[in-house]
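Remarks on the overall topology
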Amino acid sequence: MVKVAVLGAAGGIGQPLSLLVKLHPAVKQLSLFDVVNVPGVGADLSHICSDSQTTTHLPSSREDKTALASALKGSDLVIIPAGVPRKPGMTRDDLFNINAGIVKGLAEGIAENCPKAFVLIISNPVNSTVPIVAETLKKAGVFDPKRLFGVTTLDIVRANTFISQLYPDSTTPSQFNINVIGGHSGETIVPLYSIGNSKKLYDELDEEKQKALIHRVQFGGDEVVQAKSGAGSATLSMAYAGYKLADSILKALTSSESIVECTFLNLDSSIKGAAEAKKLVKGLDFFSLPVLLGKNGIEEVKYEILNEVSDSEKKLLGVAIEQLEKNIEKGVEFATK
Ligand code: NAD
Ligand code: LMR
């Protein structure tokens, strides 16, 4: 029996993501937590005749920790899209002051109530919120780096879609699975079009078009923020992306299929390939890379891809690493001091 908890379930991402999880055949219990509106979302979802049961958990006050505890107890997988989204003109880092505290509080709840759960962090800035969760779990003595996932899947989803849009007559987005590595904001997002089945089509583009494609993936979030004109950021595509990663983790739990996904992870030496990866990214403790999933979460980091990148991708990685260092440090400092 799989229990999934969504924290921030009444939000723009939380609602469609909860709907998708509600439909997942492996999920038997869907636990919805939010600080507002969650009973209505739960009542609505509970009428769906899929085989999972829905429960809702709304704290009665700021001090009430029982709602979070009941939401989390027994959870196998926790997905966190709680926190504020961007408005036009803001960077993801501008969300840090509000979201860092929200994510830290939720991580404390996980440490207490379901320390062995797989934890997927959607809340921005991912480059800092994932280190915050790692440090919070470490402080509580329950951190397992194999079970913590920063969700960067939307960058892969965009990378697949955007290259296909350049070749609408000969390709479909689903034929691609572009590796997007680094982090999840602006220039820390590094799509590797020169590797895999996108290489030939990417090489056909002139330099200007290649740059424009990379830029579109790196700043794809801005397109949605601007189009929504103050009403938030990507929610539906994010719900799809979050569900895609959650589904892969659930599949890896229940089958012997080899499943590889990119995720922003802690490059802890207990994970196969992580020490090698860390050396190649100038000692950073967190980085998004393809990982092999298994019954215990991240089985192996596919670091070899870092040796396959083109010269221009190497330059992009240099910029990404420089920015990531600061983002990671900011998260670690927040959680530890
Ligand atoms: P939203 O404002 O629509 O929803 C956020 C929800 O979180 C709200 O329902 C709010 O009540 C809830 N919340 C606030 N504090 C909480 C707490 N302490 N505990 C539980 N719930 C709490 O925002 P959204 O559009 O759903 O975006 C959520 C976050 O996801 C933002 O930080 C956004 O930047 C981020 N995001 C990340 C990605 C990604 O690729 N990783 C993509 C899109 C958005
Ligand atoms: C995205 O990439 O769409 C999200 O990180 C939300 C944002 O702020 O752009």
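Procedures and definitions
Residues numbered from 1 in each chain as written. Chains lettered and ligands numbered in written order. Predicted model: local features only at pLDDT ≥ 70, side-chain atom pairs only at ≥ 80, totals over all residues. Heavy atoms only, no water. Axes fitted to C-alpha atoms, helices over the stretch in contact; angles between N-to-C directions. Helix = DSSP H or I, 4+ residues; strand = E, 2+ residues; numbered from the N terminus. Left-handed = near helix turned anticlockwise from the far one by under 90°. Contact = heavy atoms within 4.5 Å. Nonpolar A, V, L, I, M, F, W, Y, C, P; charged D, E, K, R; others polar. Buried < 20%, exposed > 50% of the residue type's maximum accessible area, 1.4 Å probe, protein only. Pairing = 2+ DSSP bridges. Right-handed = clockwise from strand over helix to strand, strands pointing away. Core = buried A, V, L, I, M, F, W, Y, C linked by side-chain atoms within 4.5 Å. UniProt positions renumbered as here; feature names shortened; annotations may be inferred. Polar contact = N/O pair within 3.5 Å; in protein donor to acceptor, adjacent residues only side chain to side chain. Near = heavy atom within 4 Å. Areas by Shrake-Rupley, 256 points an atom, 1.4 Å probe, with all protein chains shown as cover. Domains from an automatic or database assignment. 1 Å grid on protein atoms, 1.4 Å probe; cavity = no way out; pocket = protein on both sides within 12 Å on 5 of 7 lines; lining within 4 Å. Points joined across faces, edges and corners; volume = space filled by probe spheres on them. Expected span 1.5 Å × (residues − 1). Patch = residues over 30% accessible without salt bridge, like charges linked within 9 Å, V, L, I, M, F, W, Y side chains within 5 Å. Salt bridge = Lys/Arg side-chain N within 4 Å of Asp/Glu carboxyl O. Lys, Arg positive; Asp, Glu negative; His and termini not counted. Charge placed at Lys NZ, Arg CZ, Asp CG, Glu CD.

**Some thoughts on the packing of helix α4 (residues 96–113) against helix α5 (residues 126–139)**
Viewed as axis vectors pointing N to C, α4 and α5 meet at an angle of 35 degrees, and their least axial separation amounts to 9 Å. The hand of the α4/α5 crossing is right-handed. For the pair α4 and α5, the contacting residues are F96, A100, V103, K104, A107, E108, I110 and A111 in the first and S128, T129, I132, V133, T136 and L137 in the second. When grouped by side-chain class, the residues that make up the contact of α4 with α5 number nine nonpolar, three polar and two charged.

**A short note on the pairing of strand β1 (residues 2–7)**
Summarising burial for β1: six of the six residues are buried, a large majority. Across the two faces of β1 the burial is the same, with V2, V4 and V6 and K3, A5 and L7 all buried. Two elements, β1 and strand β2 (residues 27–33), share six bridges in a ladder whose sense is parallel. By the bridge assignment, K3 is partnered in β2 with Q29. Each parallel crossover has a hand, and for β1 linked through helix α1 (residues 14–23) to β2 it is right-handed.

**What about the nonpolar core?**
Core analysis: the biggest nonpolar cluster contains 91 residues, and L120 and F287 have the highest contact counts within it. With nine residues, the single largest contributor to this core is helix α10 (residues 236–254). With residues up to four places along the chain from it excluded, the contact list for L120 reads L77, V78, I79, I80, F149, V151, G242, L245, A246 and I249.

**Looking at the UniProt feature "active site" (unreviewed entry) in the protein chain**
Here the UniProt-annotated "active site" (unreviewed entry) positions come out as H184. Each residue touching H184, except ones within four places of it in the same chain, is listed here: R92, N124, V126, N127, T152, D155 and I189. In terms of polar contacts, H184 uses its side chain to reach the side chain of R92, at 3.4 Å.

**Observations concerning the site of ligand 1**
Around ligand 1 lies a shell of 29 residues, among which G12, I13, D34, V84 and N124 are the nearest. Here an oxygen atom of ligand 1 sits 2.9 Å away from a polar atom, N or O, in the main chain of I13. Between I122 and ligand 1, the recorded distance is 3.1 Å, taken from a backbone N or O atom to a nitrogen atom. Relative to its free-state accessible area of 860 Å², ligand 1 is covered by the protein chains to the extent of 86%. Sort the elements by how many residues they give to the shell around ligand 1 and α4 lands first, with three residues. Looking at side-chain class alone, the shell around ligand 1 contains 18 nonpolar, 10 polar and one charged residues. Each of two domains, domain 1 (2–150) and domain 2 (152–337), supplies a minimum of three residues to the shell around ligand 1.

**Some details on empty space enclosed by the protein**
Going through the model one piece at a time under the given rule, you end up with two cavities of 30 Å³ or more. Here the largest cavity defines a volume of roughly 60 Å³. The wall of the largest cavity is formed by I110, P115, A117, V119, L137, V142, F143, D144, R147 and L148. Each residue belonging to the lining of the largest cavity can be placed in one class, and the counts come to eight nonpolar, no polar and two charged.

**Overview of α5**
Look at α5: 20 Å from first C-alpha to last across 14 residues, which is about the 20 Å you get at 1.5 Å a residue. Within α5, 12 of the 14 residues are buried, which leaves the element mostly enclosed by the surrounding structure. Regarding α5, the residues found buried are V126, N127, S128, T129, V130, P131, I132, V133, A134, E135, T136 and L137. At its buried positions, α5 is contacted by α4, β5 (118–121), β6 (148–150), β9 (259–266), β10 (286–294) and α12 (311–336). Within two residues after α5, G141 carries a phi angle of roughly 75 degrees, on the positive side.

**Here's the deal with the side chain of S198**
Here S198 lies in the loop between β8 (189–191) and α7 (199–204). For S198, the side chain forms a polar contact with the main-chain oxygen of Y193, separated by 2.8 Å. Setting aside its immediate chain neighbours within four residues, S198 contacts I163, F176, I178, L192 and Y193.

**Quick notes on a negative patch on the surface**
On the surface, E322, E325, E329 and E333 cluster together to form a negatively charged patch. Relative to the helices and strands, E329 resides in helix α12. Overall, E329 belongs to the partly exposed group, its relative accessible area being 44%.

**What about the side chain of S31?**
Mapping S31 onto the fold places it in strand β2. Not counting the four nearest positions on each side in its chain, S31 is found in contact with K3, V4, A5, V6, T55, H57 and A71.

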